[in-house]
Amino acid sequence: MGVRIRLERRGEVPLYVYILAPTGAFLLAFLMGAFLMLWAGASPIKGYGAFLRGAFGGLKPFTNTLLRATPFLLMATGISLSNRSNVLNIGAEGQYIMGAIAMTWIAVLMQNSVPGFIVILVGVILAVIVGALWAGAAGYLKAKMGINEVVVTVMLNWVAIMLLKWLLRGPLKDPRSQQWPMSPPIGPHLPYIYGNLNLGFVIAVLLAIAIWYVLFRTNIGFKLRACGENPRAARYAGFNVEGMLILSMLISGAMAGMAGAFDVIGTFHILYEGIVVGLGYTSIIVALVGKNHPLAVIGSAIMFGAIYNGVTSMQSVTQLSYTLSKCIEGMIYLFFLISEFLVLYRIRLIRGDAS
Amino acid sequence: MIRDLLNKIKISIFYFLFLNNLIQQFHSRMSEVAPGQVVLEVRGIVKRFPGVVANDHVDLQVRAGEVLALLGENGAGKTTLMNIIYGLYTPDEGEIYVMGRRVHIRGPKDAISLGIGMVHQHFMQVEELTVLENIILGLREFGIILDTEKAKRMLEEAFQRYGLRVDPDAYIWQLSAGEKQRVEIMKALFRGAKILILDEPTSVLTPQETKELFKTLRKFVEGGMAVIFITHKLQEVMEVADRIVVMRRGKVVGRLMREEATIPQLARLMVGREVLFRIEKGEARPGEVVLRVEGLRAMSDKGVEAVKGITFSVRKGEIVGVAGVAGNGQKELVEVLYGLRRPTAGRVTLFGKDVTGEPTHRIIKFGISLIPEERVTMGIVPTFSVADNLILEIVDREPFSQKVFDGLRKLSFENIEKYAEELIRKFDIRTPSSKTKAGYLSGGNIQKLILARELSRGAYLIIADQPTAGLDVGATEFIRNLLVKARDSGNAVFLVSGDLSEVLSLSDRVMVMYEGEITAVFRPGELPIEEIGLYMLGAKKMPKEEVERFWE
Amino acid sequence: MTPEQISSILNLMVVMATPLAFAGVGELYAERSGILNLGVEGIMLMGAFTSFYVAHETGNLLLAYLAGVAVGLALGLLMAFMSVSMRLNQVIAGMGIYFFGFGLSDFMYKTIYGTEYASIEKAHQIAVPLLSKIPIIGNAFFVQYPSVYLMYVLIPVMWYLLYRSRWGLHLRAVGENPRAADTLGVNVTLIRYLATVLGAALAGLAGAVLCVEITGIFFENLTFGMGFIAIGLVYFGRWDPLRMWAGTMLFGLSWSIAMSLQDYFSRIGKMHWVYFMLMIPYIVVLLALIAVSRKARAPAALSKPYWRETSE
């Protein structure tokens, strides 16, 4: 006679559920974050106060938030696109590193002999190509040989990380830096808009809008989405499913490569191991929260930029590790999954006895 | 502590033995039942799915020693009811009695221990396991480390007892449909089933195999078992049933003995109106050859040759039908024709132009349409709107999109909408709006959507693969008439169907496929059903020259 | 190369293969039941951190191993709940576990230990009497850490159970066609739960092994992608425990060779080439995947949630 739990698919989902569920996910994640802070011996009120000031407290912090959001936006837009054709690009991290390496390499090679904007142009183009190839390889292996893209992209991430470590201690090492593995400073930079915020953010927003347009307003996007939603039917409709998959991975990788290049010439002005902090992985969450919709991804990228920026300023107040942002991220992700589920299904308790 | 533990173990052993004993009692009572005694009864079963009441207060009694036919068209709720009895679905209301005792069936396990066995329409078998493994799956008596020798011995005994046989070491994917069904029946019998449910068992069989199955079922009921036979085929009901229960839209609408039933009466009960199949089909006026296939060969996914040198042609204004048991190369043939599979040899021409091995998007441009076998997985993108699905293959054409630059075209939602509204009206697709997701439509309306799309995009040849499988009578009739109309307006139609009566009633010329070859060609009415069955089984074969001459 | 060098390369090969083998065979069981657990890496990280913490606080290594298993179990339950009960997209759910484990292990480490250098006393390699006396092989395979000996027993046993036992039969059936198994009274939910939890517990153990036997310290991302490599090796092994095991040895060998060259490079003053060599194991895994891709056939129900009740 026990009570059994049954799931039922909801018919029409009221709008407020759509809004409440993800909001709840965020709030719960921050609540859990507060518990973590308490456990670590810090005051959540003070912590979150610093967090909010750091993320939104004025124009300067806010532009910093937008600066932080730029790589998220670029990578998450690309990831959304590949998600739409049903291939998960976990390798944005590696593509980002490869883009950063390409940009740095060009800068080290050319910055003393040609004008800055040419360095930037050539570097970004090379970064885009390298990033695209890094992801395209995984797309190709998935499309033509059916090899799981998650495994391939993660392997390529590690290849990129090791390559970076090698380069920073060898060919790309700044001879003046003694034992520190870092590249020489990079002179050319993206034009600034306000404070540290540079043109990269604007380009990222424009690209997100462009990809939204292609995805939802053109035949290519139509086919790409069809291939992702039902590859079999797409094949029967004469669409090139493998081609779409590879194309989406190429674009996804290109955007991650661009993000790497932008960070080097817009944010760090140097290449060092500290760029490997899992931005590519976070971007997967950004894409999920933005529901793989490029316009919504703009919003969610800014939100995650705020989390990163906020946690950094929280760190200086509470002495908490910046990795708290990783925990909050992970929890946002999990709660978000659960909220998605609650949007789609209703849970009913029923008596085991049918009569 | 230790004593406690020992006590617990004792109790659980005791309980286990006791339970076994109960079940055994049950079985011994089952084996002693007198013919005619009610062994299974359901009362007031209600089952709702979102938007439908699949079972609406259904009462049913099954007696030992009889074949009970449960008749109804697709979607009438027969399978739902049986899934409830077998424990796969939980009923919202109602009671089940086995041997007069109220039971709660929480899952197939309970059903099995109550002596209920079920042969599902789509076989419940693990393709990658052997026959033996499939049969002993879930049984406890062969130990934790499986005693396969013992299992094999017992299986051989059971095979002998029931006069069925399949190689126990063969993998399921190596078996024919008939053999798979024998495995399925054996699974139930091996678990001591006394009440056997068969869901549309003849849909995969040839006429001869069907006869054989009916004989076996007779033997079962003579031995005291009860058989529930689910079908929508009236002929079969009259042949095999002792008692008939007719369902329509989730309700029981008739209970009768076979002797007092007539086919027209059953049809009326089942469909709820007088006339059954009304296909307005006049004489064919075949014109020029549209499709010509010569010596076509192709491999299956498993890497064996599935199409072995087939030659045929389809003319303008005629329907050429393929009869045959599923899995004899029809699927691969259709895929090759539509550019989804590469042929290994042979030639395909369309209006004399060689299109062999062309990819699907070119085939679509050349003017071939396909109504695919599985409508939801192959025919539509369920998450796209009805309108988007209606222009799926022609999204690149004017006026649905306009060129921006090479390859990139801007969608014109207005024109797509207009076109969709028109087709929805013309083909009577029941949908709240053209923006509704196609996956929300009923099976019949999805099929209408696919037909609307495929018949409206200006094709010369229409390939229809199982166009009415799983649809109710109304939708079936509608779709068959559409195909005939397409023929009359000058299209060539190539029909593949597992339903022999469909092939015979729609086609102007018929070919029978067996193991990738054409074993017979004829015009409907030229051959008796039994002989067609022999060709479908490969027991008879027309000479190759005769087959090829037929298409001249 | 001297026999000693060969022997020590092989020794390190086995050491590096061990965590992979545990994580791999666990993942293999989960996948055979139809659950693709992409969270292995996160579970390994949590297992590694927990075992490090327990070893550091208590000094008891056995407790440390058990702690790793326990945390794996807990995360496995979470994964099973999300993918079996809630029927979420398994790729996304697995990534959630990964992010969660990745972030939390690092955060807890940094909070508890801050910047202080914390280390534990590692487990010791134990020599098996007699067997360890065999030239080359003895030193390589029989002077080993405790978990290595567990691996020697566990993998063949898991292989045997998979193909010869009732549970293995149920597992394989559930991963290929859950509905068919269900109609014969096999409890699909239970089997999937057990397989996922067992797999995650083994991943937790793998993390513990990594920390307690190999590194002796904890640091961010110390798994170096091993969780994902394990998933790759399941593909490489075509869902067969023994073939997968061979794959772990292949990875172990390439890693071991790269590490052995470390001395050589530091002697010639070109330390950075070590990192270059460390790309090789990952590239080897990629090439191995490409080599077998044509033959691989995943369990038919892999990453597909099962609903008993779906309307016709």
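Throughout what follows, the structure given in this document is the object of discussion. Everything quoted here is computed from the prediction, not taken from an experiment.

A look at the overall build of chain C
Stage number 1. What chain C contains, in helices and strands, is 12 helices and two strands.
Stage number 2. Across chain C, helices and strands are ordered from the amino to the carboxyl terminus as α-α-α-α-β-α-β-α-α-α-α-α-α-α.
Stage number 3. For chain C, whose C-alpha radius of gyration is 20 Å, the value lies close to the compact-globule estimate of 20 Å for 312 residues.
Stage number 4. C-alpha atoms of chain C, sized along the principal axes, occupy 70 × 45 × 40 Å.
Stage number 5. Buried positions account for 57% of the 312 residues belonging to chain C.
Stage number 6. In chain C, of all internal contacts separated by at least 6 residues, the share reaching a separation of at least 24 is 79%.

What to know about the interface of chain C and chain A
Stage number 1. Each partner contributes residues to the interface: chain C has 37 residues there, and chain A has 37 residues.
Stage number 2. Among the secondary structure elements, those contributing two or more residues to the side of chain C that touches chain A are α4 (90-113), α10 (226-236) and α12 (273-292) of chain C.
Stage number 3. Among the elements that line the side of chain C that touches chain A, the one with the most residues is α4 of chain C, at 14 residues.
Stage number 4. Its residues placed into classes, the side of chain C that touches chain A shows 28 nonpolar, seven polar and two charged.

Digging into the environment of Glu222 of chain B
Residue and element names in this part refer to chain B.
Stage number 1. Turning to its location among the elements, Glu222 is positioned in helix α7 (residues 207-222).
Stage number 2. A count of 10 C-beta atoms within 10 Å places Glu222 in the exposed class.
Stage number 3. Between the C-alpha atom of Glu222 and that of Arg409, which follows or precedes it by 187 residues, the distance is 69 Å.

Observations concerning helix α9 (residues 188-215) of chain C
Residues and elements named next belong to chain C.
Stage number 1. The terminal C-alpha atoms of α9, which comprises 28 residues, lie 39 Å apart, in line with the 40 Å expected from a rise of 1.5 Å per residue.
Stage number 2. Summarising burial for α9: 22 of the 28 residues are buried, a large majority.
Stage number 3. Positive backbone phi, approximately 75°, marks Gly216, located one or two places after α9.

Examining the sheet that holds strand β21 (residues 509-514) of chain B
Residues and elements named next belong to chain B.
Stage number 1. What the six strands build is an open sheet, ordered β16-β19-β20-β13-β21-β22; its pairing is mixed. Looking at strand neighbours, the two that pair on one side only are β16 (368-371) and β22 (517-522), the edges of this open sheet. Between one strand and the next, the sheet's axes are offset by a mean angle of 20°, whatever the strand orientation.
Stage number 2. Across four bridges, the pairing between strand β13 (residues 319-323) and β21 is parallel. Looking at β21, one finds that Val322 is bridged to Met511.

Some thoughts on unusual backbone geometry
Stage number 1. Of note, the amide linkage connecting Glu398 of chain B to Pro399 of chain B takes the cis form, showing an omega dihedral of 0°.
Stage number 2. Among the secondary structure elements, Pro399 of chain B is positioned in the loop between α13 (386-390) and β17 (401-405).
Stage number 3. Located in the positive-phi region is Ile136 of chain C, a residue other than glycine, with phi close to 60°.
Stage number 4. One can find Ile136 of chain C in the loop between β1 (126-127) and α5 (137-141).
Stage number 5. We classify Ile136 of chain C as partly exposed; it has 14 C-beta atoms within 10 Å.
Stage number 6. One non-glycine residue, Asn221 of chain C, lies in the positive phi region at around 60°.
Stage number 7. Residue position: Asn221 of chain C is located in the loop between α9 and α10.

Quick notes on the packing of helix α3 (residues 61-85) of chain C against α4 of chain C
Residues and elements named next belong to chain C.
Stage number 1. Put simply, α3 and α4 touch, their axes get as near as 9 Å, and they point 155° apart. As summarised for this structure, α3 and α4 are arranged roughly antiparallel, according to the angle between their axes. Note on packing geometry: the crossing formed by α3 with α4 is right-handed. Between α3 and α4, the contacting residues are Leu75, Leu78, Met79, Met82 and Ser83 on the first element and Gln90, Ala93, Gly94, Ile97 and Gly101 on the second.
Stage number 2. Here the contact of α3 with α4 is composed, by residue class, of six nonpolar, four polar and no charged.

What counts, and at which threshold
Residues numbered from 1 in each chain as written. Chains lettered and ligands numbered in written order. Predicted model: local features only at pLDDT ≥ 70, side-chain atom pairs only at ≥ 80, totals over all residues. Helix = DSSP H or I, 4+ residues; strand = E, 2+ residues; numbered from the N terminus. Rg over C-alpha atoms; globule rule 2.2 N^0.38 Å. Buried ≥ 20, exposed ≤ 12 C-beta atoms within 10 Å, placed from the backbone. Contact = placed C-beta atoms within 7 Å. Nonpolar A, V, L, I, M, F, W, Y, C, P; charged D, E, K, R; others polar. Expected span 1.5 Å × (residues − 1). Pairing = 2+ DSSP bridges. Axes fitted to C-alpha atoms, helices over the stretch in contact; angles between N-to-C directions. Parallel < 35°, antiparallel > 145°, perpendicular 65-115°, else oblique. Left-handed = near helix turned anticlockwise from the far one by under 90°.

Read these as geometric descriptors, not functional statements.
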